[in-house]
Amino acid sequence: MRKRLAQFRKLGRTPKHKWAMLRNMVTSLIKHERIETTLPKAKELRHLADKVIGYAKKDNPTYGKQLALQVVREKPMVTKLMEVLGPRYADRDGGYTRVLKLSRPRRGDNAPMAVIEYVDRPGEIRAARVPEKRKQQYFNNLGEVLAHAGIKPLPTQTGSD
């Protein structure tokens, strides 16, 4: 049984080295919004990147910024996190990142490679699903827009033919 053992990947590093590496990677991910790394690192980074977006969505922005400053290394990236990424994902409940495996392993050590990126951004590799909150808001507004334009909805048919 694996009780009280690390539930996350060790990545062949000491805990301090791993934490420093993940902080650097999340800062780079915020800066570029897409980075290429090994598959285990990308999967491990996903947790921290989602958590940092959660900090940007906090009700108290000052507290969220303080939490983000403990993780993100550069102050301009914290500003981007709070002003760009936080509002972008305001209606999304989770799943802010996507990990895509690359077809070719890294040359030299044959390590499996992956791309980790934020979803719902310009120039993304694959379009993300629309969050339910945004769908409901869009369809509610669609009826109002059509009514304002003078387009009447079609009558629904009830009963059988």
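Criteria and thresholds
Residues numbered from 1 in each chain as written. Predicted model: local features only at pLDDT ≥ 70, side-chain atom pairs only at ≥ 80, totals over all residues. Heavy atoms only, no water. UniProt positions renumbered as here; feature names shortened; annotations may be inferred. Salt bridge = Lys/Arg side-chain N within 4 Å of Asp/Glu carboxyl O. Helix = DSSP H or I, 4+ residues; strand = E, 2+ residues; numbered from the N terminus. Buried < 20%, exposed > 50% of the residue type's maximum accessible area, 1.4 Å probe, protein only. Core = buried A, V, L, I, M, F, W, Y, C linked by side-chain atoms within 4.5 Å. Contact = heavy atoms within 4.5 Å. Arc of directions from axis to C-beta. Axes fitted to C-alpha atoms, helices over the stretch in contact; angles between N-to-C directions. Parallel < 35°, antiparallel > 145°, perpendicular 65-115°, else oblique. Left-handed = near helix turned anticlockwise from the far one by under 90°. Nonpolar A, V, L, I, M, F, W, Y, C, P; charged D, E, K, R; others polar. Pairing = 2+ DSSP bridges.

An unreviewed UniProt entry lists the protein chain under the name 50S ribosomal protein L17, chloroplastic, with Cyclotella atomus given as the organism. Under the Sequence similarities (unreviewed entry) heading, UniProt states for the protein chain: "Belongs to the bacterial ribosomal protein bL17 family."

A. Fine view of the pattern of salt bridges. Per the counting criterion, the structure on display carries 8 salt bridges. One salt bridge in this structure joins E117 and R34, with 3.2 Å as the shortest N-O distance. One end of the pair, E117, is in strand β3 (residues 113–118); the other, R34, is in strand β1 (residues 34–38), and 83 residues separate them in sequence. The class for E117 is buried, based on a relative accessible area of 0%. Put simply, R121 and E117 hold a salt bridge, and the shortest N to O gap is 3.2 Å. Exposure class is identical for R121 and E117. Each is buried. Within this structure, R34, R98, E117 and R121 form a network of salt bridges that share partners.

B. Focus on the nonpolar core. Of all hydrophobic cores here, the largest spans 32 residues; its most connected members are I30, L45, V52, L81 and Y118. Of all the secondary-structure elements, those providing two or more residues to this core are α1 (15–32), α2 (39–56), α3 (61–69), α4 (75–88) and β3. Top contributing element to this core by residue count: α2, with 9 residues. Not counting the four nearest positions on each side in its chain, I30 is found in contact with V52, V72, M77, K80, L81, L85 and Y118.

C. Just α3, in detail. Every buried residue belonging to α3 is among G64, L67 and A68, and all of these are buried. Considered in projection along α3, the buried side chains sweep an arc of 100 degrees and stay on one side of the axis. Looking at the buried side of α3, the elements it contacts are α2 and α4.

D. Just the packing of α3 against α4, in detail. Contact geometry of α3 with α4 gives a least axis separation of 10 Å together with a crossing angle of 140 degrees. Overall, the two elements α3 and α4 adopt an arrangement that is oblique. The element α3 and its partner α4 pack so that their crossing is right-handed. Between α3, through P61, G64, K65, A68 and L69, and α4, the contact on the second element is made entirely by K75, V78, L81 and M82. Broken down by class, the residue content of the contact of α3 with α4 amounts to 6 nonpolar, 1 polar and 2 charged.

E. The sheet that holds β3, seen in detail. Strand order in the open sheet made by the 3 strands is β1-β3-β2, with antiparallel pairing throughout. The outermost strands of the open sheet, each flanked by one partner alone, are β1 and β2 (97–101). Sheet twist, expressed as the mean angle between neighbouring strand axes with direction ignored, is 25 degrees. Packing of α1 onto the sheet brings it into contact with β1, β2 and β3, and relative to β1 it is tilted by some 145 degrees.

F. Region of the structure containing the pairing of β3. The buried count for β3 comes to 6 of 6 residues, which makes it a mostly enclosed element. Residues M113, V115 and E117 of β3 are buried on one face, and the alternating residues A114, I116 and Y118, pointing to the opposite face, are buried as well. As judged from the 5 bridges shared by β1 and β3, these two strands associate in the antiparallel manner. Paired with T38 across the strands is M113, a residue of β3. Where β2 meets β3, 5 bridges bridge the pair, whose relative direction is antiparallel. In the strand pairing of β3, T97 is matched with Y118.

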